[in-house]
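# Structural overview for review
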Amino acid sequence: MKLNERSVAHYATCDSPADHAGFLRKRVERHHHHAHHHHATSYQRRWFVLKGNLLFYFEERESREPVGLVVLEGCTVELCEAAEEFAFAIRFDDAGARAYVLVADGQAAMEAWVKALSRASFDYMRLVVRELEKQLEEACKSLAACRKSPRRSSSSGRKRHLSNPALLPLQEKPAVLENGYSTWGSGGGVPEGAACPDRDGGHAKPPPLPPRRRSAAGSAAGSPAPGFSLAMPESPVSPETACFSKLHSWYGQEIAALRREWQERQKRGHP
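### Examining the pairing of strand β3 (residues 54–58)
Most of β3 sits out of view: 5 of its 5 residues are buried. Side chains Leu54, Phe56 and Phe58 project from β3 onto one buried face, and the interleaved Leu55 and Tyr57 project onto a second face that is buried too. Relative to strand β4 (residues 68–71), β3 is paired through 4 bridges, and the arrangement is antiparallel. Residue pairing in the sheet places phenylalanine 56 in a bridge with leucine 69 of β4.

Shown next as structure tokens:
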């Protein structure tokens, strides 16, 4: 792979955010050419910066240009046994390729570097994207199946209610208007004058009785109008046994008397 050195150096030091950064010690092996082919091992402290799948390392944190680059493709990151503690290695699949042995300052730093480097390659990103696409496809299929399947419980219950009016809840029964008011005793309900059934097994308590109204036919001075008595008879409705229809009918007597009086006055020519 050929890389443009100027472009790579600019990318290493530009303001683009780094995926991970910190000091690591890099193992350096030197070969001594003598009869026993002795290998001398030392460690160099370098500042490492991970951007995408490129791992740059600098001599110092303030250095303007990197001294090395590792392309994290076709490699594995694993812990390794070394004389130094908290060591891990970057090993490539190609035979004879160079392995990079790095040493962190502590356990937490080592684990963070191993995790970041393991997720840096395009191969890993390709696996993640493939898994996300699979999950998205399964979610779309599940959503489509939910939209196609009818809601059997709610629809069947609704059909039973529509076929049998007796199963309709109380609020769904059509209200019957009598003289502009909804009555409980009409339309197959509780007959007028009978007690209202209660869910508790006894008799339902009717609505609270309003205070008895004075005769609307009386004048402001209290003089009664002709043909209409001053006081109405006491209400026969009991708060414990009467339904609203009976209560409504009793209080409607006043309206009926006023209407008859008005009709008689119209016949006599008095508006």
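### Regarding the packing of aromatic side chains
Two descriptors summarise a pair of aromatic rings, namely the distance from one centre to the other and the angle between the planes of the rings. In total, this model carries 4 aromatic pairs according to the counting rule given. Measuring from ring centre to ring centre gives 5.3 Å for phenylalanine 48 and tyrosine 57, while their planes differ by 35°; the resulting arrangement is tilted. We classify tyrosine 57 as buried; its relative accessible area is 8%. Directly above the aromatic system of tyrosine 11 lies the positively charged group of lysine 51, at a separation of 5.3 Å from the ring centroid.

### Remarks on the pairing of strand β6 (residues 87–92)
Taken residue by residue, a regular strand's side chains alternate between the two faces of the sheet. Where strand β5 (residues 75–79) and β6 come together, 5 bridges link them in antiparallel fashion. Looking across to β6, one finds that cysteine 75 is bridged to phenylalanine 92. Across 4 bridges, β6 lies against strand β7 (residues 100–103) in antiparallel orientation. Among the inter-strand pairings, alanine 87 is bridged to a residue of β7, identified as valine 103.

### Remarks on the nonpolar core
With 19 residues, the main nonpolar core has Leu50, Leu55, Leu72, Phe88, Ile90, Trp113 and Leu117 as its most contacted residues. Residue assignment for this core shows that the elements contributing at least two residues are β2 (39–51), β3, β6, β7 and α2 (107–118). Counting residues per element, this core draws most heavily on α2, which supplies 5 residues. With residues near it in sequence (within four places) discarded, leucine 55 still touches Phe48, Val49, Leu50, Gly68, Leu69, Val70, Leu72, Ile90, Trp113 and Leu117. By size, the runner-up hydrophobic cluster in this structure holds 7 residues, among which are Val8, Ala12, Val49 and Phe56.

Definitions and limits used
- Residues numbered from 1 in each chain as written.
- Predicted model: local features only at pLDDT ≥ 70, side-chain atom pairs only at ≥ 80, totals over all residues.
- Heavy atoms only, no water.
- Buried < 20%, exposed > 50% of the residue type's maximum accessible area, 1.4 Å probe, protein only.
- Helix = DSSP H or I, 4+ residues; strand = E, 2+ residues; numbered from the N terminus.
- Pairing = 2+ DSSP bridges.
- Phe/Tyr/Trp six-rings, centres within 6.5 Å; stacked < 30°, edge-to-face > 60°.
- Lys NZ or Arg CZ within 6 Å of the ring centre and 35° of its normal.
- Core = buried A, V, L, I, M, F, W, Y, C linked by side-chain atoms within 4.5 Å.
- Contact = heavy atoms within 4.5 Å.

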